[in-house]
Amino acid sequence: MSQTLKAVRGTRDLLPPETELWNRIEATARRVFARYNFGEIRTPLFEDTGLFARGVGEETDIVSKEMYTWEDRARAQSEKPQSLTLRPENTAGVVRAYIEHKLGETGQLQKLYYIGPQFRRERPQKGRYRQFFQIGAEVIGPQSAGSESPLRDAEVLEMLATLLDELGIVGWTLELNSVGSSADRARYNDILRSALAALAPKMCQDCQRRAVTNPLRVLDCKVPEDQPIIETLPKIADSLDEESKTHFAQVCAALDAAGVVYKLNPRLVRGLDYYTRTTFEFTHGGLGAQNALLGGGRYDGLSESIGGPKAPGIGFAMGEDRLVLTLQAQEADPKAASPLFADAFVAPMANAKDAEKLKTINAAALALARELRRAGLRIELGEGSFRLKKSFEAADKCARRIVILGEDELASGVLTVKTFATGEQAKVSRAELATFLASPAGV
Ligand code: ATP
Ligand code: MG
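Participant: Looking at this structure, I do not really get the overall build of the protein chain. What am I missing?
Facilitator: Looking only at helices and strands, one finds 16 helices and 16 strands in the protein chain. Relative to the compact-globule value of 22 Å for 443 residues, the protein chain shows a C-alpha radius of gyration of 28 Å, a clear excess of over 25%. Here the protein chain holds 443 residues, and 48% of them are scored as buried. Of the contacts formed within the protein chain by residues at least 6 apart in sequence, a portion of 70% connects residues at least 24 apart.

Here it is, written out as structure tokens:
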């Protein structure tokens, strides 16, 4: 016998009824995004590897060790094979599309959201998968459209607070920091490099490398033993120039005015290289080690770093898998955990041995189910050769009511309906059936 095949490590199947919760999250996100006048963008699941190398950064964990990359065979002898990568995140793809479609030339801010799978070769564990889903958004545009304004940052953060509240996530924390301009970061990197010269040898392998190549990344280290050392390092807030300080103060003032509560976290630098100024994470205590629900920030230099025009922007990506885990743990949505129930089970009844009658009744049952489904009802359709007992058993497992359609019912146009929760049996005319089935079916 051949070995049974299973979903690849780090990937998973999402099944009903859990997918109901996923759909509800996505519907809520779409509704909230629409209120803030965002439109949806869908970019390809794979891109040229160079996009991520330049747009996310060679030194990041994502690019240095987490990408699924392959050489795509050349079509012609003269062509070189192309290196392609499954997208590990969606911001680089959105900015690539912004440049490719010259969206900056509209002179307007582009407000784009996406929902879809991302791929990273990470060690799978709770809240961390190799294929996971992100819901994200970007606000990007020419400076003349106000894309650099701190009001954009505050508006995005206020939208996120609203979205998490509407999703029913209780107890989230907004952690906020500014990593300044690229000049600020260069200055801070030098300060960190000197400070780390003596400290790095006591830290993890990754930090020893980062201390030389990109000291800022040291702050992003997750190794517990390194945390006390990281605590002693100089803070980036002290390296910000006046413009960056003023920008950040305006973000904070707007959040205060809107009543969005946040916590300043001077160590928050995020995993991606392209962030400038405002950086943030929304965390949740219930998630354990993987406590970030979402992360994001401003990326004023990203477009230029992948060959586009100057296009400041700000965005975020939420881990949809982690939203689901949080909501399940809260049991905020107990209904999502119960099996799906149809409004009714249409049970055709015919003598299985009489092929002609079976054909007629099954056909009539499909017509009736079509009528009821078109009226907006959730209908399960049985099979005419089932015995009455078998139809009842099947119906009881998946529907609130059963509708019997036998020869008599077909002739008279009056159907027998049983409501399981109350045990009540009723005769209902075909004209009134849809209304009857839409009425409450007891507890
Ligand atoms: P982490 O520190 O948890 O690795 P990150 O900094 O790599 O996160 P981002 O690249 O900013 O994460 O992605 C934004 C969000 O996407 C995260 O806050 C998280 O909710 C989610 N996310 C990231 N990687 C995974 C993964 N492998 N599985 C599930 N969700 C993920
Ligand atoms: Mg990560």
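Text resumes after the structure shown.
Participant: Explain the packing of helix α13 (residues 355–374) against helix α16 (residues 430–438) here, please?
Facilitator: Contact pair α13 / α16: the axes reach a minimum separation of 10 Å and the direction vectors enclose 50°. Taken together, the axis directions place α13 and α16 in an arrangement best described as oblique. Along this stretch, α13 crosses α16, giving a crossing that reads as right-handed. Listed contacts from α16 to A367, L368, E371 and L372 of α13 are R430, L433, A434 and L437. Tallied by class, residues from the contact of α13 with α16 come to six nonpolar, no polar and two charged.

Participant: Is there a simple way to explain helix α1 (residues 18–35) in this structure?
Facilitator: Since the α-helix packs 3.6 residues into each turn, any two residues three or four apart lie on the same face. Helix length check: α1 (18 residues) gives 27 Å between terminal C-alpha atoms against 26 Å at 1.5 Å per residue, within 8%. Among all positions of α1, only L21, W22, I25, E26, T28, A29, V32 and F33 are buried. Down the axis of α1, the buried side of the element spans an arc of 160°, and every buried residue falls inside it. Phi for N37, located one or two positions after α1, is positive at around 65°.

Participant: I'm lost on the domain arrangement of the protein chain in this one. Help?
Facilitator: Interface extent is often summarised as the accessible area lost during association of the parts. Structurally, the protein chain comprises domain 1 (18–181 + 241–329) and domain 2 (341–438). Computed over C-alpha atoms, the centres of domain 1 and domain 2 are 49 Å apart.

Participant: Got a minute to help me understand the sheet that holds strand β4 (residues 82–86) in this structure?
Facilitator: Whether parallel or antiparallel, the strands of a sheet pair through hydrogen bonds between backbone atoms. Taken together, three strands build an open sheet; the order of strands is β2-β4-β3 and the sheet is antiparallel. With one partner strand each, in any of the chains shown, β2 (46–48) and β3 (69–72) form the two edges of the open sheet. The mean angle between the axes of side-by-side strands here comes to 35°, regardless of whether they run parallel or antiparallel. Alignment of β3 against β4, held across four bridges, turns out to be antiparallel. Bridging from a neighbouring strand, D72 pairs with Q82 of β4.

Participant: Explanation requested: the environment of A365 in the structure shown.
Facilitator: Of note, A365 is situated in helix α13. In this structure A365 comes out as buried when scored by relative accessible area, which is 0%. Remark: the alpha-carbon pair of A365 and E409, spanning 44 residues in sequence, is separated by 11 Å. Among residues more than four places away in sequence, those in contact with A365 are V346, P348, L381 and L405.

Participant: How should the site of ligand 1 be read in this particular structure?
Facilitator: Taken together, 16 residues sit near ligand 1, with R120, E122, K222, R270 and A292 positioned nearest. Backbone polar atom of L293 to an oxygen atom of ligand 1: 3.2 Å apart, as the coordinates give it. Here ligand 1 loses 92% of its free accessible area of 580 Å² to cover by the protein chains. Residue assignment for the shell around ligand 1 shows that the elements contributing at least two residues are β6 (131–140), β10 (292–298) and β11 (313–319).

Participant: Which parts of the structure should I look at to understand the pattern of salt bridges?
Facilitator: Close approach of charged atoms allows side chains with opposite charge to pair. Applying the stated criterion to the full structure yields 24 salt bridges. Across the salt bridge formed by R210 and D61, the nearest N and O atoms sit 3.6 Å from each other. In this pair, R210 is assigned in helix α7 (residues 205–213) and D61 in helix α3 (residues 61–66), connecting sequence segments 149 residues apart. For D61, a relative accessible area of 28% gives the class partly exposed. Of the charged contacts in the structure, one is a salt bridge between D300 and R298, with a shortest N-O distance of 2.8 Å. One connected set of salt bridges, linked through shared partners, spans D61, K65, D206, R209 and R210.

Participant: How do you make sense of the packing of aromatic side chains when you look at a structure like this?
Facilitator: Throughout the structure, instances matching the rule amount to eight aromatic pairs. Ring geometry for F280 and F282: centres 6.4 Å apart, planes at 85°, overall edge-to-face. Accessibility classification places F280 together with F282 in one group, the buried group. Members of the aromatic cluster, joined through ring pairs, are F33, F38, Y113 and F316. Its guanidinium or amino end placed over the ring of Y129, R12 lies 4.0 Å from that ring's centre, counting from NZ or CZ.

Participant: Quick question: what am I supposed to make of a nonpolar patch on the surface here?
Facilitator: Residues L45, F46 and W70 make up a contiguous nonpolar surface patch of about 270 Å² in total accessible area. Mapped onto the secondary structure, L45 falls in the loop between β1 (39–40) and β2.

Participant: Would you mind going over the sheet that holds strand β13 (residues 379–381) with me for this structure?
Facilitator: Judged by pairing direction, the sheet is mixed, and its five strands sit side by side in the order β13-β12-β14-β15-β16 without closing on themselves. Whereas interior strands pair on both sides, the edge strands pair on one side only; in this sheet they are β13 and β16 (425–429). This sheet shows a mean twist of 25° between the axes of neighbouring strands, independent of strand direction. Judged from the four bridges that link them, strand β14 (residues 401–405) and strand β15 (residues 414–419) form a sheet pairing that is antiparallel. Paired with I402 across the strands is K418, a residue of β15.

Participant: Would you take a moment to explain the pairing of strand β7 (residues 172–178) for this structure?
Facilitator: Regular strands have side chains that alternate between both faces of the sheet. Counted residue by residue, β7 has six buried out of seven residues, so it is predominantly covered. Bridge count between β7 and strand β9 (residues 276–284): seven bridges; the pairing is antiparallel. Its bridge partner being in β9, N177 is matched across the sheet by T279. Two elements, β7 and strand β8 (residues 263–264), share two bridges in a ladder whose sense is parallel. By the bridge assignment for β8, L176 is matched with L264.

The rules behind each value
Residues numbered from 1 in each chain as written. Chains lettered and ligands numbered in written order. Predicted model: local features only at pLDDT ≥ 70, side-chain atom pairs only at ≥ 80, totals over all residues. Heavy atoms only, no water. Helix = DSSP H or I, 4+ residues; strand = E, 2+ residues; numbered from the N terminus. Rg over C-alpha atoms; globule rule 2.2 N^0.38 Å. Buried < 20%, exposed > 50% of the residue type's maximum accessible area, 1.4 Å probe, protein only. Contact = heavy atoms within 4.5 Å. Axes fitted to C-alpha atoms, helices over the stretch in contact; angles between N-to-C directions. Parallel < 35°, antiparallel > 145°, perpendicular 65-115°, else oblique. Left-handed = near helix turned anticlockwise from the far one by under 90°. Nonpolar A, V, L, I, M, F, W, Y, C, P; charged D, E, K, R; others polar. Expected span 1.5 Å × (residues − 1). Arc of directions from axis to C-beta. Domains from an automatic or database assignment. Pairing = 2+ DSSP bridges. Near = heavy atom within 4 Å. Polar contact = N/O pair within 3.5 Å; in protein donor to acceptor, adjacent residues only side chain to side chain. Areas by Shrake-Rupley, 256 points an atom, 1.4 Å probe, with all protein chains shown as cover. Salt bridge = Lys/Arg side-chain N within 4 Å of Asp/Glu carboxyl O. Phe/Tyr/Trp six-rings, centres within 6.5 Å; stacked < 30°, edge-to-face > 60°. Lys NZ or Arg CZ within 6 Å of the ring centre and 35° of its normal. Patch = residues over 30% accessible without salt bridge, like charges linked within 9 Å, V, L, I, M, F, W, Y side chains within 5 Å.

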